[in-house]
Amino acid sequence: MNISPLFLFLSLFFINSIQSQNYWQQEVDYKITVDINAKNNSYKGDQEIIYTNNSLDTLNKVFFHLYFNAFRKGSDMAVRLNNGDDINTRFDLDISKLKPEEEGFLGVTNLKQDNVNVETYLSDTILEVTLASPLLPGSSSVFTMDFKGQVPVTIRRAGRDSPMGVKFSMAQWYPKMSEYDYEGWNTAPYTGREFHGVWGDFDVTIKIDEEYIVASSGYLQESDPSNFKLGIKSGKKRIWNFLAPKVHDFTWAADPDYIHDIYEGANGVQLNFYYKNDPEIIENWKALQPITAELLKFFNKNIGTYPYKQYSVVQGGDGGMEYSMLTLVNYGKDFVPLVSVTSHELAHAWFQGVLATNEMNHEWMDEGSASFFGDLAESFV
Ligand SMILES: [Zn+2]
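Here the structure is a predicted model, which is why all the values come from computation and not from measurement. (Residues numbered from 1 in each chain as written. Predicted model: local features only at pLDDT ≥ 70, side-chain atom pairs only at ≥ 80, totals over all residues. Heavy atoms only, no water.)

Engineer: For this particular structure, what's the right way to read the pairing of strand β8 (residues 140-150)?
Structural biologist: A regular strand carries its side chains on alternate faces of the sheet. Bridge count for strand β2 (residues 42-52) against β8 is 11 bridges, and the pairing is antiparallel. Bridging from a neighbouring strand, I49 pairs with F143 of β8. One ladder, built from 7 bridges, connects strand β4 (residues 105-113) with β8; its direction is antiparallel. Bridge pairing in β8 links V108 to F147. (Pairing = 2+ DSSP bridges. Helix = DSSP H or I, 4+ residues; strand = E, 2+ residues; numbered from the N terminus.)

Engineer: What am I meant to see in unusual backbone geometry here?
Structural biologist: Among all residues except glycine, the phi angle is most often negative; among peptide bonds, the trans geometry is most common. With a phi close to 70°, N115 is a non-glycine residue in the positive phi region. Mapped onto the elements of the fold, N115 is located in the loop between β4 and β5 (116-117). The exposure class of N115 is exposed, given its relative accessible area of 67%. If you check the backbone angles, A356 has positive phi at about 55° while not being a glycine. Relative accessible area serves as the criterion here: at 14%, A356 is assigned to the buried category. (Buried < 20%, exposed > 50% of the residue type's maximum accessible area, 1.4 Å probe, protein only.)

Engineer: It is not clear to me how the coordination of the zinc ion should be interpreted in this structure. Could you clarify?
Structural biologist: Tetrahedral coordination by four donors sets the ideal angle at the metal to 109.5 degrees; octahedral coordination by six donors sets it to 90 or 180 degrees. In the first shell of the zinc ion, the protein supplies H344 (NE2), H348 (NE2) and E367 (OE), at 1.7 to 2.1 Å from the metal. Mapping the donors of the zinc ion onto the primary sequence yields the spacing H-x3-H-x18-E. Note that H344 is positioned in helix α4 (residues 335-355) and E367 in helix α5 (residues 363-380), a separation of 23 residues in sequence. Judged by its relative accessible area of 16%, H344 falls in the buried class. Overall, E367 belongs to the buried group, its relative accessible area being 19%. (Donors = N, O, S within 2.8 Å, 3.2 Å for Na, K, Ca; no water.)

Engineer: Explanation requested: the domain arrangement of the protein in the structure shown.
Structural biologist: Interface size, as often reported, equals the accessible area lost upon joining of the parts. Here the protein is described as being made up of domain 1 (25-193) and domain 2 (257-381). Here the C-alpha centre of domain 2 lies 25 Å away from the C-alpha centre of domain 1. Listed per partner, the contact involves 18 residues of domain 1 and 19 residues of domain 2. In total, domain 1 and domain 2 occlude about 1,400 Å² of area from one another, counting both sides; carbon and sulfur atoms represent 53% of this. Area buried by domain 1 at its contact with domain 2 is led by R157, M164 and V166, which between them contribute 40% of it. For the pair domain 1 and domain 2, the interface holds 1 salt bridge. A salt bridge links D318 to R156, with the nearest nitrogen and oxygen atoms 2.9 Å apart. Summed over the shared surface of domain 1 and domain 2, the number is 7 residue pairs in polar contact (both at pLDDT 80 or more). Here the side of domain 1 that touches domain 2 is built from residues that sort into 7 nonpolar, 6 polar and 5 charged. (Domains from an automatic or database assignment. Contact = heavy atoms within 4.5 Å. Buried area = accessible area lost by both parts, 1.4 Å probe. Salt bridge = Lys/Arg side-chain N within 4 Å of Asp/Glu carboxyl O. Polar contact = N/O pair within 3.5 Å; in protein donor to acceptor, adjacent residues only side chain to side chain. Nonpolar A, V, L, I, M, F, W, Y, C, P; charged D, E, K, R; others polar.)

Shown next, in the form of structure tokens:
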């Protein structure tokens, strides 16, 4: 059949406009308070979530990710690693051989929907919640809960005592609402693969021993009168309150030996650099700062303007991983890999951070674009 280009264009336009009329996104706003016990690597907190069902479906259940349960003996991640069907050379530690104090866990108690207790069922890293009353299209519920966790040794992406000695790399640390979208619930157990989150505002208050410097998604709300980079002193701890607007995840890291440098980026974006006070890496982390500002300019020009007023490059984790408004990178002794990883992770700030395609199901969309633009930018700076 001979189809004219105009007909094809009009058909695509028509299909596209029908699809966008039916397009919806769930919304979640978090208010989290967490108290860290840096001596035994445990934490406890509470969380209030306003969840809005913008879908066309009535929901009778919701699901939460409790990622740190992956780092326990018998977890799906542990079993997959031991049975050889998920070999990943980056997992240096055998989860099945961890001591109890090296394992991770995250548990939720007292979970309520609009002040009514709800039934839960825990399966590895997924908490299934049967709602007390169905969530109709367009309606919202408030979920409240208490949670307790233990930070595992760094096995994959998050944990304590990273390979370069960063104390806390707190990615995937809180009970996180699963995404529900046109492909249904995103409830795959965490076995080390990537993420898909619900958009919303995060208001997070972290209480931690006073000697720690905290790097975080979001903007620090109130600082110590004697030092604007620090949270407020409270007894032998400090309280760090961050607001991260319109993001789909919240990550932080903390170490007593972090140096925190600020470098002014294009359009008034504050670039933060957090790295350990280690003579072997300081020079490289200083030299990285003007290059990151150039990378930001390159991406602004070639992809689109970065929509937040802050981005942080933070030493931590086990390699390089992108999160909302920050990246955790485990580099510094060699300059070129430090720049390459920063370029790649900063490119993710657009593809994972803003476009936020489902990395679990369609990893190529985010990873492919970040790899292409990350490499391209690196060749220009
Ligand atoms: Zn990547």
